[in-house]
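Structural characterization, general
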2 protein chains.
Amino acid sequence: MMELTVDLGARSYPIYIGQGIIDNIGAFFEKHGLGKNSPHLVVTDEHVAEHHLPRVLGLLGEAGYKVSPYTVNAGEKSKSLAVLEDVVGVALDAGLDRKSSIIALGGGVVGDLAGFVAASYMRGIRFVQIPTTILAHDSSVGGKVAVNHPKAKNIIGAFHQPEMVLYDTSTLQTLPPRDVRAGLSEMIKHGLIWDSEFTAWCEDNADKLVGLDPEALQYGLYQGCKVKSIVVSQDEKENDLRAILNLGHTIGHALEAVAGYNELVHGEAISIGMVGAAKLAVQLGYSEDIYTVTKRILQKFGLPTRCPEHLDTDRIMEAMMHDKKFSGGNMVYIVPTAIGKVEIRKDVKPEWVRNIVEQLKRED
Amino acid sequence: MMELTVDLGARSYPIYIGQGIIDNIGAFFEKHGLGKNSPHLVVTDEHVAEHHLPRVLGLLGEAGYKVSPYTVNAGEKSKSLAVLEDVVGVALDAGLDRKSSIIALGGGVVGDLAGFVAASYMRGIRFVQIPTTILAHDSSVGGKVAVNHPKAKNIIGAFHQPEMVLYDTSTLQTLPPRDVRAGLSEMIKHGLIWDSEFTAWCEDNADKLVGLDPEALQYGLYQGCKVKSIVVSQDEKENDLRAILNLGHTIGHALEAVAGYNELVHGEAISIGMVGAAKLAVQLGYSEDIYTVTKRILQKFGLPTRCPEHLDTDRIMEAMMHDKKFSGGNMVYIVPTAIGKVEIRKDVKPEWVRNIVEQLKRED
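Computed from a prediction, not measured in an experiment: that's the story for all the values here. (Residues numbered from 1 in each chain as written. Chains lettered and ligands numbered in written order. Predicted model: local features only at pLDDT ≥ 70, side-chain atom pairs only at ≥ 80, totals over all residues. Heavy atoms only, no water.)

**Some remarks on helix α7 (residues 196-204) of chain B**
All names here are of chain B. For α7, the complete set of buried residues consists of F198, T199, W201, C202 and E203. Where α7 is buried, its residues touch α6 (177-194), α8 (206-210), α9 (214-234) and α12 (288-300). Two or three places before E197, at the opening of α7, D195 has a side-chain oxygen 3.1 Å from that residue's backbone nitrogen. (Buried < 20%, exposed > 50% of the residue type's maximum accessible area, 1.4 Å probe, protein only. Helix = DSSP H or I, 4+ residues; strand = E, 2+ residues; numbered from the N terminus. Contact = heavy atoms within 4.5 Å. Polar contact = N/O pair within 3.5 Å; in protein donor to acceptor, adjacent residues only side chain to side chain.)

Spelled out as structure tokens, the structure:
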């Protein structure tokens, strides 16, 4: 098992990463002083529940904890105020008090929803994360939790740091191959923005990671969480530095929005977005290697590097303009200056980006 | 004008109190660096809107601010997730971004709702409070914001400190007499828990306060806010000391719940609750004066000191047991030990309280 501390002063918390660590969940709860007199609530989704809920409930029950389950439908639609109201009703019926905790067992949707319940129930109770996807290594660091509004994603939320994160790599073994690759896309991003050595390690271990080798996953998730935690520690409330985590996301979010559900999942869209950012770097005068290496690594992971040709460039540009990262009229763009280094550019002209989107449709 | 700082480290903020200070609202916004490039949203209720909304919108517009209004129905029902979703939709349509603010123009309901919008919109934007009731001097200090769930009041919320509070005593001139007295009940409470001199001043100035004399109101609100801010500064997240603010509230909340809407408003219920707490003090061996003085002051303000006889004692006791201050099985009670001093007792037996409720029905 590896352990990492996300350093946020009084709100610091550990991430435990390892094969089979859920078996010791009772001991982790005891170590963190979670109360046996107050009830707790596990929030999960229907798919994760099938694989892991009985185990988690059973182990916590054996350890003497009172725990109720709440299962949502899988997918983004569960991140709504209506579901929030329903979870809170169940929490009230179960008698959750200020010493209770909300346990998120699942991926990003479950983490975001359960985290916002924990942030707002009685004005904030403790929150434990048990991520069951690779992508969640990203969302489990930094405390950003939220639900959606019919008019905007993640617009109602909070910064609420968990008590601890239990990352059991054995829960990843049942992930569909497409989700594995897409999750690894964020891991590669963490290398590209901060750590050239880790980027090289990712490239060398692409096959092991895609094949879900437990040792490789443990190390890769540890390093990915570490980069994110360094960035978040320096900018908890997303004022400046934290923007670098958006490498590939400006184009990526726009592609996701235009392509619609299932043609491109998040990790695939940002893979294409990272190639776009690398092309922009070259155009701004940085080394051609940035583009070559970025693309080569992503392809080694079987991730897409080409924008689907049928997506309309006008609509992509429009989606980008609506993105909240463009507030105040300035276009904010994360540009690599070398492998493992990026800068925040506020002078990027929309024409340049349009040109790059066009080029991305012609990539091999 | 008087100015008070609520001391909460990086989250400290000023409360400005004075007659007609809204006239300078543009200058206050400029002083606090609220942006003219980002739109702002005023949340108010239908009654307050009639008296004060055009003035606030007009003055901010003249000062160069882009401000939209959002008006809710008066009353507790507006503190719901459905209204929250609606406000957020309006905020999105108006283009509010991370540099925008939510302005609460109204009493406790508007402050709680607007404050939770500010706490959760884009994970937290700035919040300005313009209280228009006397009772709101209590809720405008401490940052507790929330909406209700069908099963429980104030259960979904946050601690979100305002940027500033603009307390214009001229807005209080249109308050109904009953709301004036009920609001002053919390002011008296702030004297009773912390400051015997202020308690004496309240008694001497009862007629002026009830008559809405601007000088007396300014000083009384200043002192009331000051006591609360000292307590909150020492215990922002309501771990221990902050409980003393609940003097009179344990019995008071139960009476409110059983009496139902309009027979007893909040300030009246806690007036009776404070007499109950004073009786408990005497029973526990503290000076008889505590009871005599507490009751005399409340009566000078025309506040009730007797529990309506028809309220069922069993139901009152049951309501108290459901109150979240009783979590963990212990009955927590705030007991005065002298005028201007209280202690937190965790050893109060339900039988004693039942006996006091019975006595309260026979008070003169």
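**Comments concerning the pairing of strand β10 (residues 333-338) of chain B**
Residue and element names in this part refer to chain B. By the bridge criterion, five bridges tie β10 to strand β11 (residues 341-345) in an arrangement that is antiparallel. Note that in β11 the partner of A338 across the bridge is K341. Following β10, the chain reverses through two residues before pairing antiparallel with β11; G340 in that reversal takes a positive phi of roughly 95°. (Pairing = 2+ DSSP bridges.)

**A closer look at helix α10 (residues 249-259) of chain B**
All names here are of chain B. Most of α10 is tucked away, with nine of its eleven residues classed as buried. Those residues of α10 lying buried are H249, T250, I251, G252, A254, L255, E256, V258 and A259. The inward-facing, buried residues of α10 contact α6, α11 (266-283), α13 (313-322), β10 and α14 (350-360). Looking at the residues trailing α10, positive phi occurs at G260, about 80°.

**Overview of the interface of chain A and chain B**
Taken together, the contact pairs 31 residues of chain A with 31 residues of chain B. Among the residues chain A hides against chain B, the three largest losses belong to E85, R123 and I155 of chain A. Together they make up 26% of the total. Where chain A meets chain B, there are two salt bridges. We note a salt bridge from D93 of chain B to K151 of chain A, for which the minimum N-O separation is 2.7 Å. Seen at the junction of chain A and chain B, the total is twelve residue pairs in polar contact (both at pLDDT 80 or more). Secondary structure elements with two or more residues in the side of chain A that touches chain B: α3 (81-93), α4 (108-120), β7 (144-149) and β8 (152-159) of chain A. Within the side of chain A that touches chain B, the residues separate by chemical class into 16 nonpolar, six polar and nine charged. (Buried area = accessible area lost by both parts, 1.4 Å probe. Salt bridge = Lys/Arg side-chain N within 4 Å of Asp/Glu carboxyl O. Nonpolar A, V, L, I, M, F, W, Y, C, P; charged D, E, K, R; others polar.)

**What about the UniProt feature "binding site: Zn(2+)" (unreviewed entry) in chain A?**
Residue and element names in this part refer to chain A. Here the UniProt-annotated "binding site: Zn(2+)" (unreviewed entry) positions come out as E186, H249 and H266. Sequence-wise these annotated residues cover 81 residues; spatially they are packed, their C-alpha atoms never more than 10.3 Å apart. Relative to the elements of secondary structure, H249 occurs in helix α10 (residues 249-259). Taking relative accessible area as the criterion, H249 reaches 5% and is therefore assigned buried. Excluding residues within four positions of it along the chain, H249 makes contact with E186, K189, H266 and I270. Reaching out from H249, the side chain makes a polar contact with the backbone oxygen of L247 at a distance of 3.0 Å. (UniProt positions renumbered as here; feature names shortened; annotations may be inferred.)

**Some points on the state of the cysteines**
Chemically, a disulfide is nothing more than a covalent bond linking the sulfur atoms of two cysteines. Residue and element names in this part refer to chain A. By the definition in use, this model includes zero disulfides over all chains. Of all cysteine sulfurs, the one in C202 lies closest to C225, which takes part in no disulfide; the gap is 12 Å. Look at C225 and you get buried, because its relative accessible area is 0%. (Disulfide = S-S within 2.5 Å.)

**Things to note about the sheet that holds strand β9 (residues 164-168) of chain A**
All names here are of chain A. Strand order in the open sheet formed by seven strands is β1-β2-β9-β6-β5-β3-β4, and the pairing between neighbours is mixed. Sheet topology places β1 (2-6) and β4 (67-72) at the edges, where each strand pairs with a single neighbour. Adjacent strand axes in the sheet meet at a mean angle of 20°, parallel and antiparallel pairs treated alike. Sheet strands in contact with α4 are β3 (40-45), β4, β5 (101-106) and β6 (126-131), and its direction is about 175° off that of β5. (Axes fitted to C-alpha atoms, helices over the stretch in contact; angles between N-to-C directions.)

**What to know about the relation of the copies chain A and chain B**
The transformation that overlays chain A on chain B combines an axial shift of 0.0 Å with a rotation of 180°, and the residual RMSD is 0.1 Å. Interpreted geometrically, this transformation is the action of a two-fold axis. Using C-alpha coordinates, one finds that chain A approaches the rotation axis most closely at L81 of chain A, a distance of 3.4 Å. (Least-squares fit on C-alpha atoms with pLDDT ≥ 70 in both.)

**Remarks on the domain arrangement of chain A**
Residue and element names in this part refer to chain A. Domain annotation of chain A identifies domain 1 (2-174) and domain 2 (177-360). Placing the centre of domain 1 and that of domain 2 at their C-alpha centroids yields a distance of 27 Å. Every contact between the two is made by 27 residues of domain 1 and, on the other side, 28 residues of domain 2. The junction of domain 1 with domain 2 conceals about 2500 Å² of combined surface from both sides, 68% of it contributed by carbon and sulfur atoms. Ranking the residues of domain 1 by area buried against domain 2 places M2, I134 and H137 at the top, with a combined share of 25%. Applying the counting criterion to the domain 1 and domain 2 interface returns two salt bridges. For the side of domain 1 that touches domain 2, the elements supplying multiple residues, two or more each, are β1, β2 (13-18), α5 (136-139) and β8. Top contributing element to the side of domain 1 that touches domain 2 by residue count: β1, with five residues. (Domains from an automatic or database assignment.)

**Re the side chain of R242 of chain B**
All names here are of chain B. Residue position: R242 is located in the loop between α9 and α10. R242 sits in the buried class, given a relative accessible area of 3%. In this structure the side chain of R242 is engaged in a polar contact, spanning 3.3 Å, whose partner is the backbone oxygen of G142. When sequence neighbours within four positions are dropped, the list of residues in contact with R242 reads G142, K144, F159, V231, V232, D235 and E236.

**Some remarks on empty space enclosed by the protein**
Scanning the entire structure with this criterion turns up five cavities of 30 Å³ or more. Split by residue class, the lining of the largest cavity holds four nonpolar, seven polar and two charged. (1 Å grid on protein atoms, 1.4 Å probe; cavity = no way out; pocket = protein on both sides within 12 Å on 5 of 7 lines; lining within 4 Å. Points joined across faces, edges and corners; volume = space filled by probe spheres on them.)

**Thoughts on the pattern of salt bridges**
The full count for this structure, using the stated rule, is 40 salt bridges over all chains. When salt bridges that share partners are traced, they join E76, K79, D112 and K153 of chain A into one network.

**So, the sheet that holds strand β6 (residues 126-131) of chain B**
Residue and element names in this part refer to chain B. Taking strand neighbours across the sheet as the criterion, the seven strands line up as β1-β2-β9-β6-β5-β3-β4 in an open arrangement whose pairing is mixed. Looking at the sheet topology across the chains shown, the edges are occupied by β1 (2-6) and β4 (67-72). Pairwise comparison of adjacent strand axes, ignoring direction, gives a mean angle of 20° for this sheet. Of the strand pairs in this sheet, strand β2 (residues 13-18) and strand β9 (residues 164-168) are connected by four bridges, and their pairing is parallel. Across the sheet, residue I17 finds its bridge partner in β9, namely Y167.

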